[in-house]
Amino acid sequence: MKNLALPLQGAQMLFVAFGALVLMPLLTGLDTNVALFTAGIGTLLFQLITKRQIPIFLASSFAFIAPIMYGVQTWGIPSTMGGLMAAGLVYICLASLVKIRGDGFIKRLLPPVVVGPVIIVIGLGLAPMAVNMALGKTGDGSTVLVEYEAAIVISLASLLTTIAVAIFAKGLLKLMPILAGIIVGYSLSLFYGVVDFTAVNQAAWLAMPNFVAPEFNWHAIAFMIPVAIAPAVEHIGDILAISNVTGKDYMKKPGLHRTLAGDGVATIAASAFGGPPNTTYSEVTGAVTLTKNFNPVMMTWTAITAIVLAFIGKLGALMQTIPVPVMGGIMCLLFGSIAAVGLNALIKNKVDLNEPRNLCIVGVTLVFGIGGMAFGIGSFSLTGISLCGIVAITMNLLLPMPDKKQA
């Protein structure tokens, strides 16, 4: 039973990440099976570089959605992949700077007054997507996929089951609250007749993902390189979030230089196969927070499961039949858990919000991140987590420290 626990928990983590993992390629015109494959390969490479010390999963990065859509329309998928490989090299360059100068300057760059609100935004910034999905809509709320009456029952049942199992269950079941929520929600979805099996009927049992080899176009490369800066800030926030969850300082061990390099290598590998760039997943951090299982080996099984599913056409198609209210209900809890970690970072480090400097940093970061503020020039824009991270860092560097005790 104990030997079976980690593979099952690893599969559970893939269920958590699956909605966001496949949504990104669906929006950008990339292949979902390739995204599954590259998420698995990217996670394994990340674990290799970080010496398998961090319980985190890498998959499709939302920060690259708009740039990839523009790149595919302008230069095609192969050239866009070449640009994304260059973006992965940016991570490695940043990792080298951290290695040379140490992570001390990162900590000065990211004190609790910056880290706290950024982690909160990582959680609450995704809240509208979770609520829209719980109500039976697409993540952006533009289209109704499941009627409200059925969606609200399914999502609440999924949410309440997840909470009940996390709190009251015993033994192995206690470590599977998300899977339990999915099973109950999916069963109700079958009862309401909102599961569409068309994709399953049309899919082959075994199918090779539609891999695409990259091509190198200097225009696409020049476009993608600056895009990588913003998700790098998001990566640091995610590493800080999982550090707060587990109580370990991953900025020290294995070191931020290794996590950044791992993310960069994972993105380069994903692009080499025609998949979306990888990033550390906030959804999985929320699941780790909930299950309290901090064993990184679990993420190895998550990666292996993703790779296997990439080649099983009907099973991959079956996972795509999970209605949005099921995942939406569970995500309402997961994203809230991440936000709570950020709030705890402010409280634990006794950040004084009566101090105007701290209040300005936290206030502006939260409103920009959650409110959807966007700064952009042409097709390039900063918004959401990436923007609020840069704003918080900039304000922390520019605003004078108070004369009294520093926050």
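Residues numbered from 1 in each chain as written. Predicted model: local features only at pLDDT ≥ 70, side-chain atom pairs only at ≥ 80, totals over all residues. Heavy atoms only, no water.

**A short note on the environment of Gly125**
- Tracing the sequence through the fold places Gly125 in the loop between helix H6 (112-124) and helix H7 (127-134).
- You can call Gly125 partly exposed: its relative accessible area is 33%.
- Separated by 107 residues in the primary sequence, Gly125 and Ala232 have C-alpha atoms spaced 17 Å apart. (Helix = DSSP H or I, 4+ residues; strand = E, 2+ residues; numbered from the N terminus. Buried < 20%, exposed > 50% of the residue type's maximum accessible area, 1.4 Å probe, protein only.)

**Some words on the environment of Lys252**
- Here Lys252 shows up in helix H14 (residues 251-273).
- Here Lys252 falls in the exposed class, since its relative accessible area comes to 60%.

**A look at the packing of aromatic side chains**
- Tallied over the full model, the rule gives nine aromatic pairs.
- Seen from their ring centres, Trp75 and Phe223 are 5.7 Å apart, and the 55° between their planes marks the pair as tilted. With Trp75 in helix H3 (residues 65-75) and Phe223 in helix H12 (residues 218-224), this pair connects stretches of sequence that are 148 residues apart.
- Looking at Trp75, the relative accessible area reads 24%, which means it is partly exposed.
- With relative accessibility at 13%, the residue Phe223 sits in the buried group.
- Ring-pair connections join several aromatic residues into one group, and the members of that group are Phe37, Phe211, Phe273 and Phe311. (Phe/Tyr/Trp six-rings, centres within 6.5 Å; stacked < 30°, edge-to-face > 60°.)

**Concerning a nonpolar patch on the surface**
- Together, Leu156, Leu160, Ile163, Ile167 and Phe168 give the surface a local cluster of nonpolar side chains, amounting to about 510 Å² of exposed area.
- Considering the arrangement of structural elements, one finds Phe168 in helix H8 (residues 148-168).
- A relative accessible area of 63% means that Phe168 is categorised as exposed. (Patch = residues over 30% accessible without salt bridge, like charges linked within 9 Å, V, L, I, M, F, W, Y side chains within 5 Å. Areas by Shrake-Rupley, 256 points an atom, 1.4 Å probe, with all protein chains shown as cover. Salt bridge = Lys/Arg side-chain N within 4 Å of Asp/Glu carboxyl O.)

**Regarding the side chain of Thr267**
- Topologically, Thr267 is positioned in helix H14.
- There is a polar contact of 3.2 Å between the side chain of Thr267 and the backbone oxygen of Asn278.
- When residues no more than four places from it in sequence are discounted, the contact partners of Thr267 are Leu84, Gly88, Pro277 and Asn278. (Polar contact = N/O pair within 3.5 Å; in protein donor to acceptor, adjacent residues only side chain to side chain. Contact = heavy atoms within 4.5 Å.)

**Looking at H7**
- Of the positions making up H7, those classed as buried are Met129, Ala130, Asn132, Met133 and Ala134.
- Taken together, the buried residues of H7 touch H8 and helix H18 (324-348).
- Within two residues after H7, Gly136 carries a phi angle of roughly 90°, on the positive side.

Bear in mind that shape data such as this cannot, by itself, settle questions of function.
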